[in-house]
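Observations on the three-dimensional arrangement
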Amino acid sequence: MRALIRAVSGGAGGYVIAAFVTSLITGGSVSDGVPVTFGYIFALLGWLHGIGVWNAWAREWFGLPPKPDNAKGWTRYFTFSTDHKVIGSQYLVTFLVVFLVGGLMAMVIRLELAGTGEGFIDADTYNKVMSMHGILMVAVAVAAVLGSFGNYLVPLMIGADDMAFPRINALSFWLIPPVAISLLSAPLLGSFEAGWTAYPPLSVVAAGDGQLLFNMGVITFGLSSILGGLNIITTVATMRAPGMTWGRLPIFVWATFSASLLSLVITQFFAASLVLIHLDRVAGTTFFGAAGGGDALLYEHMFWFYSHPAVYIMVLPGFGVALEVITHFSRKPLFAYKAVVGAFLTIVGLSSLVWAHHMFTSGMAAYLHAPFMVLTEAISVPTGVIFLSAVGTMWRGKLWMQTPMLLAGGWVFNFLIGGITGLFLADVATDVQLHDSYFVVAHFHYTIIGGSIFGLLAAVFFWFPKITGRMYNETMGKIFAVWVSVALALVFIPMFWVGVNGMNRRVNDYQQDLETANNFISWMALLLGLSFVLFAVNLVWSALRGPKAPDNPWGASTLEWQVSSPPPEHNFPLLPEVVGHPYDYGVPDAQHAVVGGSAKSED
């Protein structure tokens, strides 16, 4: 806890001192653009110094011996720990909290939309709440599964003792809390109201310097994503146990590897676009201002060149979780394993070629419509392969309907809806009619909640015994799984209807004839929100009081289940040897690996 206190003090002190000194030099207020910019930079440096980057790492740059923090027990979760399992747990708890905060903002949005006209918040406040909800939930979707379970499980699943770059791994997490703090502190400077897309000219000219905190926070988040992606790629490529060939990798490892390729290669485009927005706002440049020769359409191209591939950074790890859970709980080999791996890599390649289908109504050249439409439809083929793999694995399997499997089944249904409705937005003729309507809101939520969040929920319950050493309450888990699946449908399926009937997104009012439908959606949204109270209660109670979990409660075959729950500090007492495929269920005498000198039961 002392490290965390130092980090908070260092961050606050760095911000105050830098903003004050800069305001004296520039002759402006501490809340002006330049002081806020330098304040954030020095706050970030003060935070990292306080949490332990100097002692654990930077001292060596000057020829000094490092002074690692040797905290034990629960206090290590508040330090600059280099243990990948601690870092994975830090990611998980942080993003679950951010997810619940973003969910509360969704409840505020739906309360405002329960009736026509201006309700308890005005249009300006609605824009700010909507913008905050959007960026918080996008951050959760991008990094929750990849950061938490990717960090915790990838070394275990490939037979390694840690990540390739442990200190970079710790740095990638400790860049995240300042992002959350800067976003949640933005209302102190007028917040931001340009949505999570930050389109100019609104993001440049809107009142309030909260937009500056948005820009710098998201740029920092991008740096964290790039470092995390680099780490996972290097770990998988260089640290696999003997016998762990590429063809024997668990499917979740393939999913995180694919998402990390995208994260490493394309994240900088969003960061670069926000740097230019920041310069337009603070330094007087005109990259996107028409009056100075700039072009706002340039921003859209830069933004979507990142942000459509980012959808697959969000959903690929969720795909991996769902397939991992389905194959273990169906007690069958994963159907079309090689085809799924090919589909993951095809998605990585195609995802950077489809960005402009978000821009059919933007005024870009009409001759670009057809190629982007075709490419967008083409990417539905590899995603369809993944869906068919899930269904094929369950077909005639010995299904064990525990909570993770129920949520994985929900993933199958939800992502099917998201994928089918996406075809309407890929085609120019229908997209022109549906663009910027609530049809898009419904599709996007079905894709991201179905592809990423349901994967996150399934992962939480599947690996909860491994991470905590305790079992969750199965009855409460099943009730939650059914509740959240039904409530999700009751919220978002009606949104397709109101969208087709002309309701625009990102505004706090709509035509009178859609009030009944919106009132129903809002009540169902509250029902959906309440389901997460049960989710939180189950996890907190089970982590503190739940029964002790066996090492392998699911009888699963992959390597992480062949060690104790929770795993020991360096994962394996001896380097494991991989001798077979991870999903050879039903194959006589099959085994995946020999751990600690003896074969482990594969069930």
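Residues numbered from 1 in each chain as written. Predicted model: local features only at pLDDT ≥ 70, side-chain atom pairs only at ≥ 80, totals over all residues. Heavy atoms only, no water.

Some thoughts on the overall build of the chain
Worth spelling out the cut-off: Runs of H or I in DSSP of at least four residues are treated as helices and runs of E of at least two as strands, each being numbered from the N terminus. Accessibility here uses a 1.4 Å probe with only protein chains present; expressed as a share of the type maximum, an area under 20% marks a residue as buried, one over 50% as exposed, and anything in between as partly exposed. Whether two residues touch is decided by their heavy atoms; if any such pair falls within 4.5 Å, the residues are in contact. Only the protein chains shown count as cover for residues, and the accessible areas themselves come from Shrake-Rupley with a 1.4 Å probe.
Scanning the chain for helices and strands turns up 19 helices and three strands. Relative to its 603 residues, the chain shows a buried fraction of 58%. Expressed as a percentage of contacts within the chain between residues at least 6 apart in sequence, the contacts between residues at least 24 apart total 79%. Counting only carbon and sulfur atoms, one obtains 70% of the accessible surface of the chain, whose full area is about 23,100 Å².

With respect to unusual backbone geometry
Pro 200 connects to Pro 201 through a cis peptide bond whose omega is 10 degrees. Inspection of the secondary structure assignment puts Pro 201 in the loop between α7 (176-185) and α8 (202-205). That bond from Ser 565 to Pro 566 is cis: its omega, -10 degrees, falls within 30 degrees of zero. Within the fold, Pro 566 resides in the loop between α19 (515-545) and β1 (577-578). Phi angles above zero are rare outside glycine, and Arg 506 is one such case at about 65 degrees. With respect to the secondary-structure elements, Arg 506 resides in the loop between α18 (474-500) and α19. The backbone of Asn 571 sits at a positive phi, close to 75 degrees, despite the residue not being glycine. Within the secondary structure, Asn 571 is located in the loop between α19 and β1.

Points about the domain arrangement of the chain
By a frequent convention, interface size equals the accessible area lost on bringing the separate parts together. Quick reminder of the rule: All domain edges in this entry derive from an automatic or database-based domain assignment. Note on terms: buried area is the combined drop in 1.4 Å-probe accessible area of two parts once they are placed together, counting the loss on both.
You can read the domains of the chain as domain 1 (1-68) and domain 2 (87-599). For domain 1 versus domain 2, the separation of C-alpha centres amounts to 31 Å. Taken residue by residue, the interface counts 17 residues in domain 1 and 18 residues in domain 2. When domain 1 packs against domain 2, close to 1,500 Å² is buried across both sides, 77% of that on carbon and sulfur atoms. Among the residues domain 1 hides against domain 2, the three largest losses belong to Tyr 40, Trp 47 and Trp 57. Together they make up 41% of the total.

Some thoughts on the pattern of salt bridges
This is how it is decided: Here, a salt bridge means any Lys or Arg side-chain nitrogen found within 4 Å of an Asp or Glu carboxyl oxygen.
On inspection of all chains with the given rule, the structure shows five salt bridges. Ionic pairing is found between Arg 281 and Asp 209, a salt bridge with its closest N-O pair at 3.8 Å. Highlighted residues: Arg 281 in helix α10 (residues 251-282) and Asp 209 in the loop between α8 and α9 (210-238), separated in sequence by 72 residues. The class of Arg 281 is buried, set by a relative accessible area of 17%. Arg 505 is the partner of Asp 436 in a salt bridge, and the nearest nitrogen-oxygen pair spans 2.9 Å. Placement of Asp 436 in the loop between α16 (428-434) and α17 (438-468) and of Arg 505 in the loop between α18 and α19 is noted, with a sequence separation of 69 residues between them.

Things to note about the nonpolar core
The criterion, for reference: Here, nonpolar core means buried Ala, Val, Leu, Ile, Met, Phe, Trp, Tyr and Cys residues that are tied together by side-chain atoms lying within 4.5 Å of each other.
If you look at the biggest cluster of nonpolar residues, it comprises 199 residues, and the most contacted ones within it are Phe 149, Ile 251, Phe 344 and Trp 463. For this core, the two domains that each supply at least three residues are domain 1 (1-68) and domain 2 (87-599). For Phe 344, the residues in contact, after removing those within four places along its chain, are Ile 251, Trp 254, Ala 255, Ser 258, Leu 316, Phe 319, Leu 323 and Ile 386.

Looking at helix α11 (residues 296-330)
How we decide: Take the residue count of a helix, subtract one, and multiply by 1.5 Å to get its expected span. For this analysis, a polar contact is any N or O atom pair within 3.5 Å, provided that within protein one partner can donate a hydrogen and the other can accept it, and provided that sequence-adjacent residues contribute only side-chain to side-chain pairs.
Helix length check: α11, at 35 residues, gives a terminal C-alpha distance of 50 Å against a target of 51 Å (1.5 Å per residue), a fit within 8%. Where burial is concerned, most of α11 is hidden: 31 out of the 35 residues are buried. Where α11 starts, the residue carrying a side-chain oxygen 3.0 Å from the main-chain nitrogen of Leu 297 turns out to be Asp 295. Immediately beyond the C-terminal end of α11, within one or two residues, lies Arg 331, with a positive phi of roughly 55 degrees.

Some details on the environment of Asp 280
Along the polypeptide, Asp 280 turns up in helix α10. You can call Asp 280 buried: its relative accessible area is 9%. Asp 280 sits 245 residues away from Ala 525 along the chain, and the two C-alpha atoms are 38 Å apart. Setting aside its immediate chain neighbours within four residues, Asp 280 contacts Val 204, Thr 285, Thr 286, Phe 287, Phe 288 and Gly 289.

Re the packing of α9 against α10
As a reminder, the rule being used: Lines fitted to the C-alpha atoms define the axes, with helices restricted to the stretch that makes contact. Angles between their N-to-C directions range from 0 to 180 degrees. An angle below 35 degrees is treated as roughly parallel, one above 145 as roughly antiparallel, one from 65 to 115 as roughly perpendicular, and anything else as oblique. Note on convention: near helix rotated counterclockwise from far helix by under a right angle means a left-handed crossing. Clockwise means right-handed.
Packing of α9 against α10 brings their axes to within 7 Å, and their N-to-C directions diverge by 155 degrees. By the angle between their axes, α9 is roughly antiparallel relative to α10. Relative to α10, α9 is oriented so that their crossing is left-handed.

Notes on helix α2 (residues 33-51)
If you check α2, its first and last C-alpha atoms are 27 Å apart, about what 19 residues at 1.5 Å a residue would give, namely 27 Å. Immediately downstream of α2, the backbone of Gly 52 shows phi near 125 degrees, a positive value.

A word on the environment of Gln 562
Here Gln 562 lies in the loop between α19 and β1. Since its relative accessible area comes to 9%, Gln 562 is described here as buried. Remark: the alpha-carbon pair of Gln 562 and Trp 61, spanning 501 residues in sequence, is separated by 39 Å. One polar contact links the side chain of Gln 562 to the main-chain carbonyl oxygen of Thr 558, over a distance of 3.0 Å.

Regarding the confidence of the model for the chain
For clarity, the threshold we go by: pLDDT expresses how confident the predictor is about each individual residue, on a scale running from 0 to 100.
With 99% of its residues at a pLDDT of 70 or more, the chain has an overall mean of 93. Ranking the elements of the chain by mean pLDDT puts strand β3 (residues 598-599) last with 41 and α18 first with 97. Counted against residues more than four places away or in other chains, residues 598-603, with its pLDDT under 50, gives 17 contacts.

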